[in-house]
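Each chain, written out:
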Amino acid sequence: EAGVVQSPRYKIIEKKQPVAFWCNPISGHNTLYWYRQNLGQGPELLIRYENEEAVDDSQLPKDRFSAERLKGVDSTLKIQPAELGDSAVYLCASSLIPGHQETQYFGPGTRLLVL
Amino acid sequence: EDQVTQSPEALRLQEGESSSLNCSYTVSGLRGLFWYRQDPGKGPEFLFTLYSAGEEKEKERLKATLTKKESFLHITAPKPEDSATYLCAVHTSGSRLTFGEGTQLTVNP
């Protein structure tokens, strides 16, 4: 079974430029998560989708970050414009059903460097 | 506010030298505690889920235990391939995972 797929794996941009990350979850997983992981820290949730609906986006910086999951499968996370502090690893995860006991499976992440 | 603290930050062991990693937590209502392993340049890989105090889970050289305040990840006779960062996370409100900062384990041959 294929795992969570993310692209690109690496991205280097200059500040103020836009950037987008793509995620395809494990087949059949209805819940999708975007996390940000700074160097030496654990991942922090940005947004959670249940099917097409964003059910937890309280930690998404909405002035510059946006996300979509139009058909309830793959998802895109966008930053516009990027700032130096956005340099981090952006992780996508998915789980079969929503719920506190449901294991989240992570993709390899997109490593973003903003110059 | 939910808090997860892992210790030590870094641990260096010789091959075969057993040890334990600690994850202490302060949450309003624990619904599950997760251990993940993360290799450099990769996403976290799921290891265990623990739901209630007294529960234990094992996988190869790893054993996870849970009390009301903390969890331990015991590593028995580690090998160099066990070198990684080990992340602890708690499930609290909704489906949000709150992660600790991880313990970076290095096992020397």
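So, a few notes on the structure that sits alongside this text. What you see is a predicted model, and the numbers here were worked out from it, not measured in a lab.

The number of helices and strands found in chain B is zero helices and 11 strands. Counted from the first residue to the last, chain B has its helices and strands arranged as β-β-β-β-β-β-β-β-β-β-β. For chain B, the C-alpha radius of gyration of 13 Å lies close to 13 Å, the compact-globule estimate for 109 residues. Over its C-alpha atoms, taken along the principal directions, chain B stretches across nearly 40 × 30 × 20 Å. Counting all 109 residues of chain B, 46% fall into the buried class. Taking the intrachain contacts of chain B between residues at least 6 apart in sequence as the baseline, contacts between residues at least 24 apart amount to 54%. Summed over all atoms, the accessible surface of chain B reaches about 5300 Å², with 44% contributed by carbon and sulfur. Distance from the positive charge centre (12 side chains) to the negative charge centre (15 side chains) of chain B: 4 Å.

In this section: the nonpolar core. One finds L33(B), W35(B), L73(B) and Y86(B) to be the most contacted residues of the largest nonpolar core, which totals 22 residues. Secondary-structure elements contributing two or more residues to this core are β2 (10-14), β3 (19-26), β4 (32-38), β5 (45-50), β7 (62-66), β8 (70-75), β9 (84-91) and β11 (103-108) of chain B. If you tally residues by element for this core, the top one is β9(B), at four residues. Counting residues in each nonpolar core, the second largest holds 21 residues, with V19(A), L32(A), Y49(A) and L112(A) among its members.

Here the focus is the pairing of β4(B). Residues and elements named next belong to chain B. Taking burial as the measure, the seven residues of β4 include seven buried ones, the bulk of the element. Residues G32, F34, Y36 and Q38 line one face of β4 and the alternating positions L33, W35 and R37 line the opposite face, and both faces are buried. Here β4 runs beside β5; their pairing, made up of five bridges, is antiparallel. Directly across from R37, in β5, lies its bridge partner E45. The turn linking β4 back onto β5 is made up of six residues, and G41 within it adopts a positive phi angle of 80°.

Another point: the interface of chain B and chain A. Contacts between the two partners involve 20 residues from chain B, matched on the other side by 26 residues from chain A. Both faces considered, chain B and chain A share a buried interface measuring about 1700 Å² in area, 49% of it formed by carbon and sulfur atoms. Taken together, chain B and chain A are joined by zero salt bridges. Taken together, the links from chain B to chain A amount to four residue pairs in polar contact (both at pLDDT 80 or more). Of all elements in the fold, only β4, β5, β9 and β10 (97-99) of chain B reach the threshold of two or more residues within the side of chain B that touches chain A. Each residue belonging to the side of chain B that touches chain A can be placed in one class, and the counts come to eight nonpolar, eight polar and four charged.

Looking now at the side chain of S71(B). Residues and elements named next belong to chain B. Tracing the chain through its elements places S71 in strand β8. Judged by relative accessible area, S71 falls into the buried class, the value being 0%. A polar side-chain atom of S71 sits 2.6 Å from the main-chain carbonyl oxygen of T65. Sequence-distant contacts of S71, that is, excluding residues within four places in its chain, are made with L21, N22, C23, L33, W35, L50, T65 and L66.

Conventions used here
Residues numbered from 1 in each chain as written. Chains lettered and ligands numbered in written order. Predicted model: local features only at pLDDT ≥ 70, side-chain atom pairs only at ≥ 80, totals over all residues. Heavy atoms only, no water. Helix = DSSP H or I, 4+ residues; strand = E, 2+ residues; numbered from the N terminus. Rg over C-alpha atoms; globule rule 2.2 N^0.38 Å. Buried < 20%, exposed > 50% of the residue type's maximum accessible area, 1.4 Å probe, protein only. Contact = heavy atoms within 4.5 Å. Areas by Shrake-Rupley, 256 points an atom, 1.4 Å probe, with all protein chains shown as cover. Lys, Arg positive; Asp, Glu negative; His and termini not counted. Charge placed at Lys NZ, Arg CZ, Asp CG, Glu CD. Core = buried A, V, L, I, M, F, W, Y, C linked by side-chain atoms within 4.5 Å. Pairing = 2+ DSSP bridges. Buried area = accessible area lost by both parts, 1.4 Å probe. Salt bridge = Lys/Arg side-chain N within 4 Å of Asp/Glu carboxyl O. Polar contact = N/O pair within 3.5 Å; in protein donor to acceptor, adjacent residues only side chain to side chain. Nonpolar A, V, L, I, M, F, W, Y, C, P; charged D, E, K, R; others polar.

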